[in-house]
Amino acid sequence: MTDPTMESTLPQPLSGNVMPRFGGPATMMRLPAADSPQGLDAAFIGVPLDIGTSHRPGARFGPRQIRAESALLRPYNMATGAAPFDTLRVADLGDVPINPYHLPKSVAIIEAHYRPIVQAGCIPLTLGGDHTLVLPILRAVAARHGPVALIHIDAHADVNDTMFGEPLAHGTPFRRAVEEGLLQNNKVWQIGLRGTGYAIDDFDWPRRQGFHLVPAHEVWGRSLTPWMDEVRAAIGPHTPTYLSFDIDGIDPAYAGGTGTPEVGGLTVPQALEIVRGCRGLQLVGCDLVEVSPPYDPSGNTALLGANLLYEMLCVLPGVRYR
């Protein structure tokens, strides 16, 4: 049978029938590597950052491990019919050269790195890295698109004012994003929140900003597909939207390789329903953060992260569904 990906002249993942999956280039999905966003519709980018982490480090190794596990992925989505490589020109743009000794400098480096990517019309799909990285990316995205709607999957709201007196950390990015006017606050959904906290304000502050909160315990045992229909209708098809997915939004039974695990989280099918439910939105950027390979030697957490990033690619504007 002819490989259907051969019908396209656009860049394709290297087939496992051409090169064994344990060989070949160490890029996301074994796609071509690129050094410029020019001409690309979307690109995978690694941000090997974990100096904003408050507990278990190791997310600096997330991008490399996600890429390694992504060798198992194939170009065609059997569940949804998505064939992203039929219509999108996609490549791996490598990693951002962060400063591992200085978090504020790293934040500035990330923003400067992403601005030309976004300005070129290339949609960034980010492999993290801790959640601090979303703030500079949102700055770069908002510089082109204005304030964005946000779908944020996480165990934590990440709206702390400071951590140890510092305004930049993986628990503060969305507080800074609100202060800087990067978000359309009435079009922000935070899904999967749970765990213990220091005060009720941990979740009440985002509610006061107009965020829509969906605690994990409110959706236990439920399909999120109907709920995502409502989210899409509320955001609308023309609003620039950013999708930020912290792997700890998923229960540690499925994704234990992360820095701040919390019990009682989302299931993998629910995670897929959320991402697939973003089809039809005007996505302008996505990330998958907080994969910490040292805490999951099996590679399962990184494998899940790779699959979720692929699912994000599948719901970008312009993707063909066969």
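Residues numbered from 1 in each chain as written. Predicted model: local features only at pLDDT ≥ 70, side-chain atom pairs only at ≥ 80, totals over all residues. Heavy atoms only, no water.

## Details of helix α8 (residues 268–276)
Formally: When a residue's accessible area, from a 1.4 Å probe over protein chains only, is under 20% of the maximum for its type it is buried; when over 50% it is exposed; and in between it is partly exposed. Think of it this way: any DSSP run of H or I at least four residues long counts as a helix, any run of E at least two long counts as a strand, and we number them from the N terminus. Relevant arc is that of directions from the helix axis to the C-beta atoms, nothing else. Any two residues whose heavy atoms approach within 4.5 Å at even a single point are treated as in contact.
Within the span of α8, buried status applies to Q270, A271, I274 and V275. Summarising the axial view, the buried residues of α8 lie within an arc of 135°, below the 170-degree limit, and thus occupy one face. Of the surrounding secondary structure, the elements contacted by the buried residues of α8 are β5 (148–153), β6 (183–193), α7 (225–235), β8 (240–246) and α9 (300–314).

## Some details on the pairing of β5
Each regular strand displays side chains that alternate between the two surfaces of the sheet. Under the convention used in this document: Paired strands, in this sense, are two strands between which DSSP finds at least two bridges. When the strands point away from the viewer and the path from the first strand over the helix to the second turns clockwise, the crossover is right-handed.
Here β5 lies mainly inside the structure; six of its six residues are buried. Residue alternation in β5 divides its side chains into two sets, V148, L150 and H152 and A149, I151 and I153, and both sets are buried. Bridge analysis of β5 against β6 gives five bridges, and the strand direction is parallel. Bridge pairing in β6 links L150 to V188. Following the chain from β5 across helix α5 (residues 173–179) to the adjacent parallel β6, one finds a crossover that is right-handed.

## Concerning the pattern of salt bridges
Filter applied, for reference: Think of a salt bridge as a Lys or Arg side-chain nitrogen and an Asp or Glu carboxyl oxygen that are within 4 Å of each other.
Evaluation of the coordinates by the stated rule reveals 14 salt bridges. Salt-bridge contacts for R115 lead to E111; the nearest nitrogen and oxygen are separated by 3.0 Å. Here R115 and its partner E111 are both found in helix α3 (residues 103–119), four residues apart, which amounts to about one turn of the helix. For R115, a relative accessible area of 37% puts it in the partly exposed group. With a closest N to O distance of 2.7 Å, R232 and D229 form a salt bridge. With R232 and D229 both in helix α7, this residue pair falls three residues apart, about one helical turn. Three or more residues joined by partner-sharing salt bridges are found here, namely E111, R115, R139 and E180.

## Quick notes on the packing of aromatic side chains
Our working rule: Planes of paired rings set the category: under 30 degrees apart is stacked, over 60 is edge-to-face and the rest tilted, where pairs are Phe, Tyr or Trp rings (Trp by its six-membered ring) whose centres lie within 6.5 Å. Only when the NZ atom of a Lys or the CZ atom of an Arg is both within 6 Å of the ring centre and within 35 degrees of the ring normal do we say a charge sits over the ring.
In total, this model carries zero aromatic pairs according to the counting rule given. In this arrangement the basic side chain of R175 is found over the ring face of W205, its NZ or CZ atom lying 4.0 Å from the centre. One cation-aromatic arrangement involves R279 over Y321; the distance from NZ or CZ to the ring centre is 3.3 Å.

## Regarding the sheet that holds strand β7 (residues 212–215)
Rules: The convention used is that axes are lines fitted to C-alpha atoms, helices contributing only their stretch in contact, and that angles between N-to-C directions extend from 0 to 180 degrees.
As summarised here, the arrangement of the eight strands in space is β3-β1-β4-β9-β8-β5-β6-β7, forming an open sheet in which the pairing is parallel. Each end of this open sheet is capped by a strand with a single partner; those strands are β3 (90–95) and β7. With direction set aside, neighbouring strand axes in the sheet form an average angle of 15°. In this structure, strand β4 (residues 123–128) lies alongside strand β9 (residues 282–289), joined through three bridges in parallel fashion. For T126, the partnering residue across the bridge sits in β9 and is D287. In this fold α8 packs onto β5, β6 and β8, with an angle of close to 165° to the strand it touches most, β8.

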